[in-house]
Structure formats: structure tokens, C-alpha cells
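Close look at the chain arrangement
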Amino acid sequence: MPALVIGGVVGAAVVSCSLVDRPSIPDLNPPGAGAPLPPIDVEAPGRSADQLAGWASGLSEQLGISPAALEAYGYAQAVMAKARPGCHLGWTTVAGIGSVESKHGTHGGASVSAVGQVSPPIRGVPLDGSPGVAKIDDTDGGDMDGDPVHDRAMGPMQFIPETWERWGVDANGDGIADPDNLDDAALTAGRYLCGFGRDLSTASGWTAALASYNMSEAYAREVQFRANAYSIGVRP
């Protein structure tokens, strides 16, 4: 399980702004598909997500998501459509998770480079069994999360080290599966959500996938709300 802490580092109880002059956000489960992706070669050398630059730049300002983050989310959808076509992963769902977990890689003043690198690295609270927090003793010697006592959720999609070791993937062609890179983290999230034969085009499949990511029902509802906002082209 990735975050194992209610709402990752930023929490699920984020108050969303309500603007009277924008369309009503639908309450769909699964969330709407959003702007369709252009066809790309997911196996192109280098950072294949660069092929989505035009698509992402056209949506970035209205959604409040950096182009690099949108490219990462879109690329995750494109890869999973080929690798797990029965999963039906949507970029809006990945974006909803990225929004709740780390404000798309900007939590705590972090920034996202043009190639999706998040700096400084985002780390969650120690998973020490405090109220509302799971207890997970260190599993990586502190090598990945910097904590030799307890595990911490890592990166813009908030994976714990043990989960990253199993599911982490290199999505940008640099030879490293890096939890602090949005390309890698978004595709890893896609792989995790699509695991165990889940079909995210159904309400039960989508709900089960989000429950595997974080067991909080409030968390799933917040992700759903934000994903649906992105699906109609507005900020949540």
C-alpha cells in the first residue's frame, strides 16, 4: 500500500474552493475521462512523455497543474492502456491522487522540473503509529526515505519504500526507478492501481483500487471529486 497514512502528506480534508461562475463538478464513479490523449509511441527513446507537451500545455493553466505533471499523468494512462488494456486507467484518476498526495509535486514548497523531477524531495511523517498514522518499522535502512527508524511515504505519489521496491518503475528512460520523479511515480501508481486484474471502468473496480492505495473512504471521495473536476477542465 502506498501512503498508509490518511491523505498522504497533505491530508484528505482539504477544503475545495467553490466558484459561482464555473460548471458544476459531476459526482461520477469512476471519474470522467477528461481531455483525450493524442496517440503517442510509449516506447520512444528518452522521456517518452515529452510527446504530450502540446496536450499538457493546453490544459495546464486551466487545471492548475504543471505541464510536466500532466505529461506524467497522461503518459501513465497511455502506457497502461497498452500494458493492461482491461484496467482502463484514466489520467484524471492519477491526477486526483497526485493532487491530494502532494499538490502535484509542490507540497511544502517543492518544485517540479521540466522533466518531472521534484525538488526538494517530499517525505511524509514517520509511520510510527501516532493517531491516524500506521506503524511501519524501517524496511530500507533509511536508504530511500532517509529514516532508519520508521518508514516514510516518499515522493509526489507518496509510496512507502517496501511498496516502491515491488512496484517502482523507470518511466523516463534514465535507467532509475525514482520515487521523486513524477514520470516514474505516476506510472508506478498506475501499475499499482491496475494490479490484481482490476477494471477501473467500473465503480467497484475503481473503489477497490483507491482503497488499496489508501483505506480512507474520505480520501477516495476527495480523489474522486478532484478527478471529476479535472475531467471537465476546471480546478477543484
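Since the structure is predicted, the reported quantities are computational estimates derived from the model, not experimental observations. (Residues numbered from 1 in each chain as written. Predicted model: local features only at pLDDT ≥ 70, side-chain atom pairs only at ≥ 80, totals over all residues. Heavy atoms only, no water.)

Points about the UniProt feature "domain: Transglycosylase SLT" (unreviewed entry) in the protein
The cut-off we apply is this: UniProt positions are given in the numbering used here, feature names are shortened, and annotations may be inferred rather than shown by experiment. For helices the rule is a DSSP run of H or I covering at least 4 residues; for strands it is a run of E covering at least 2, with both sets numbered from the N terminus onward.
In the numbering used here, UniProt assigns the feature "domain: Transglycosylase SLT" (unreviewed entry) to residues 153-195. For residues 153-195, helix accounts for 44% and strand for 0%, while the C-alpha atoms at its two ends are 20 Å apart.

Some points on unusual backbone geometry
When glycine is set aside, most residues are seen to have a negative phi, and most peptide bonds are trans. Between Asn29 and the following residue, Pro30, the backbone shows a cis peptide bond with an omega angle of 5°. Counting through the fold element by element, Pro30 comes out in the segment before helix 1 (53-57). Residue Pro120 is bonded to the preceding Ser119 through a cis peptide linkage, with omega at -10°. With respect to the helices and strands, Pro120 occurs in the loop between strand 2 (118-119) and helix 5 (161-167).

Digging into the layout of surface pockets
The rolling of a water-molecule-sized probe over the atoms marks out the regions of remaining empty space. Here is the rule we go by: In this analysis, the protein atoms alone were mapped onto a 1 Å grid. Cavities are point sets where a 1.4 Å probe fits without being able to get out; pockets are open sets with protein on both sides within 12 Å along at least five of seven lines; lining residues have an atom within 4 Å of a point. Grid points are joined across faces, edges and corners, and a volume is the space filled by probe spheres set on the points. Classification convention: Asp, Glu, Lys, Arg as charged; Ala, Val, Leu, Ile, Met, Phe, Trp, Tyr, Cys, Pro as nonpolar; all other residues, Gly among them, as polar.
If you add up the space inside the second largest pocket, you get close to 220 Å³. What lines the second largest pocket is a set of 20 residues, among which Val79, Met80, Ala83, Leu187 and Arg191 lie closest to the centre. Going through the elements one at a time, helix 3 (67-83) and helix 6 (182-193) are the ones with two or more residues in the lining of the second largest pocket. The element that contributes the greatest number of residues to the lining of the second largest pocket is helix 3, accounting for four residues. The residue makeup of the lining of the second largest pocket, split by class, is eleven nonpolar, six polar and three charged.

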